[in-house]
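# Analysis of the macromolecular model
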Amino acid sequence: MYPARFEYHAPGSVEEALEILERYGDEAKVLAGGQSLIPLMKLRFAAPQALVDINRIQGLDTISEDNGFLSIGALVRHSACERSEALRGRFGVLGDAAPQISDPIVRNRGTVVGSLTHADPQGDWGSALMAAGARLEVVSSSGTRTIPLDELFQGPFTTSLQPNEIATAVQVPDPGTRAGGTYLKLERKVGDFATVGVAIHLSLDNGRVGSAGIALTGVGPKNLRATAAEEALAGAELNDDTFKAAADAAAQDAQPRSDHRGSADYKRSVVRVFMERGLRKAAETASA
Amino acid sequence: MTEAAVETGRYTHPVTVTVNGAARSVEIETRLLLVHFLRETLGLTGTHVGCDTTSCGACTVLLDGTPVKSCTMFAVQADGREVTTVEGLAPAGGLSPVQEGFHEEHGLQCGFCTPGMMLTATALLAENPDPSEEEIRWALSGQICRCTGYQNIVKAVQYAAAKGKEG
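Residues numbered from 1 in each chain as written. Chains lettered and ligands numbered in written order. Predicted model: local features only at pLDDT ≥ 70, side-chain atom pairs only at ≥ 80, totals over all residues.

Any two packed helices are characterised by how steeply their axes cross, that is the angle between the axes, and by the distance between the axes. All names here are of chain A. Where helix 10 (residues 240-253) contacts helix 11 (residues 264-287), the axes come no closer than 8 Å and their chain directions differ by 145°. Seen along the crossing, helix 10 lies across helix 11 with a hand that is right-handed. Two secondary-structure elements touch here, helix 10 through Phe243, Lys244, Ala246, Ala247, Asp248, Ala250 and Ala251 and helix 11 through Arg268, Val271, Arg272, Met275, Glu276, Leu279 and Arg280. Classifying every residue of the contact of helix 10 with helix 11 by side-chain character gives eight nonpolar, no polar and six charged. (Axes fitted to C-alpha atoms, helices over the stretch in contact; angles between N-to-C directions. Helix = DSSP H or I, 4+ residues; strand = E, 2+ residues; numbered from the N terminus. Left-handed = near helix turned anticlockwise from the far one by under 90°. Contact = placed C-beta atoms within 7 Å. Nonpolar A, V, L, I, M, F, W, Y, C, P; charged D, E, K, R; others polar.)

What follows is the structure in structure tokens.
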């Protein structure tokens, strides 16, 4: 399969990339890992006039902690997250999601930020990072702004990112030392989308749940924030009753549809089981 | 800003890619996929096109030592980088340990997935010379074999790992 022809630019700096984007209006696309964009171009669902390949820009491939945020740069591959010590423990929701993205070879190329801007409604990173309360750092010629993920996702494959903007990093607020999380995913085989994915990110406060971020994959038209489950957890004691109530709430938050991956009832049931299992693990990590 | 970056209306790009140790400089269409650059521009047909949809891994090559699916990368992105294909695995006059393992353990039947499997196995052993069976299966999980049931592929990688320890 051959994509439609395109002009190719490989700028050496973000400033240069922004100038090129400005010139093309909405006719150019940013190329990072290409594991979603290139398949779309091969199928000719996308036929941009130009590609702006940011892979040669220095400094976008780091995971760093600074000013109360963990920052994952636009060129950080899934495989780098899989290996990163920084994404274990209190950022366990991210570290546990990383090895479950697609397959090992795709993970060598694909990027976290690229997954977010692609905004696949079935994407795993969308849920994991939404649970972690992340925001996207975005630059344009008029400056830098941040977009909370809840505001980024407008619908399937649609974001609030503007054509003249480049997402340079995703930033996750420091949850404190008493925090933990996990991402549980049911997939039929390696590389498949989630039948169900559950992202859990807990912060403790005096031995009780302080705040909880819960998001669901594969059981709605987009990455869903499980608000009833979050409310059931906020301020609650750490015990099986709390976990069960939150699991029931998440199952109600889910909006599953029956399809080839399973019936709606089955998916709701998996949400419940994954919630209880994941909450126990997250609480254990946070209490350690 | 560089000259190339401001030029519009142009759909080709000069690249220099080091393939199996030899630098190759060519003017190519920007939309040319890496797999077609290897097979058609350079005539290295050991890299196979399987599903052409990033699923099967038959087109896997090493980019600076890391496995990538060459159907899901533009050749122009490999400019200035090193690519290893199955043609680059064998040392002069012999087989690499991974190739020998696939031969000795019957790690293939039809052979279609074999080049990609061997490249991924080579990268795995470079990073982890003594992988467990689970680590081998995990590393190869982005690739599909329709003949072997994977059993002999795993044995082939284990053979190569053991061979590496001897050496």
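Further notes follow.
A word on the sheet that holds strand 10 (residues 166-173) of chain A. Residue and element names in this part refer to chain A. The strand order across the open sheet formed by five strands is 4-5-10-6-7, and the pairing between neighbours is antiparallel. Every interior strand has two partners, whereas the edge strands, strand 4 (63-66) and strand 7 (143-148), have only one. Shown here is a sheet whose adjacent strand axes are inclined to one another by a mean of 30°, direction ignored. Bridge count between strand 6 (residues 135-140) and strand 7: six bridges; the pairing is antiparallel. The residue of strand 7 that forms the bridge with Arg135 is Pro148. Contacts from helix 1 (residues 14-24) reach strand 6 and strand 10 within the one sheet, and its direction differs from that of strand 10 by about 125°. (Pairing = 2+ DSSP bridges.)

This brings us to the environment of Phe91 of chain A. Residue and element names in this part refer to chain A. Along the chain, Phe91 falls in the loop between helix 3 (78-83) and helix 4 (92-97). Look at Phe91 and you get buried, because 26 C-beta atoms sit within 10 Å. Spatially, the C-alpha atom of Phe91 lies 8.9 Å from that of Val172, the residues being 81 residues apart in sequence. With residues up to four places along the chain from it excluded, the contact list for Phe91 reads Leu70, Ala86 and Val172. (Buried ≥ 20, exposed ≤ 12 C-beta atoms within 10 Å, placed from the backbone.)

In this assembly, 28 residues from chain B lie in contact with 26 residues from chain A. Residue assignment for the side of chain B that touches chain A shows that the elements contributing at least two residues are strand 4 (66-69) and helix 5 (133-139) of chain B. Among the elements that line the side of chain B that touches chain A, the one with the most residues is strand 4 of chain B, at four residues. Classifying every residue of the side of chain B that touches chain A gives nine nonpolar, 14 polar and five charged.

It is worth spelling out the sheet that holds strand 3 (residues 50-53) of chain A at this point. Residue and element names in this part refer to chain A. The parallel open sheet is built from three strands, whose spatial order is 1-3-2. Edge positions in the sheet fall to strand 1 (7-9) and strand 2 (28-31), since each has one partner strand and no second. Across the sheet, the axes of successive neighbouring strands diverge by a mean angle of 25°, strand direction being ignored. Packed on one face of the sheet, helix 1 meets strand 1, strand 2 and strand 3 and runs near 165° to strand 3.

Residue and element names in this part refer to chain A. Its identity as a non-glycine residue notwithstanding, Arg44 has a phi of 60°, on the positive side. Here Arg44 is to be found in the loop between helix 2 (37-42) and strand 3. Positive phi outside glycine occurs at Asn67, with the angle close to 50°. Here Asn67 shows up in the loop between strand 4 and strand 5 (69-73). Assessed through the 8 C-beta atoms surrounding it within 10 Å, Asn67 is described here as exposed.

On to the confidence of the model for chain B, then. Of the residues in chain B, 95% have a pLDDT of 70 or more, and the chain-wide mean is 95. Segment residues 1-5 of chain B is flagged for pLDDT under 50; beyond a separation of four residues in sequence, or across chains, it makes seven contacts in the model. (pLDDT = per-residue confidence, 0-100.)

Residues and elements named next belong to chain A. Between its terminal C-alpha atoms helix 10 stretches 20 Å, which fits the 20 Å expected from 14 residues at 1.5 Å a residue. Three or more residues of helix 10 are buried, namely Phe243, Ala246, Ala247, Ala249, Ala250, Ala251 and Asp253. Buried residues belonging to helix 10 abut strand 13 (208-217), strand 14 (224-225), helix 9 (227-233) and helix 11. (Expected span 1.5 Å × (residues − 1).)

The next point concerns the pairing of strand 5 of chain A. All names here are of chain A. In the sheet, strand 4 pairs with strand 5 via four bridges, with the strands oriented antiparallel. Following the sheet pairing, Asp66 is matched in strand 5 by Phe69. In this structure, strand 5 lies alongside strand 10, joined through five bridges in antiparallel fashion. Bridge pairing in strand 10 links Gly73 to Ala169.

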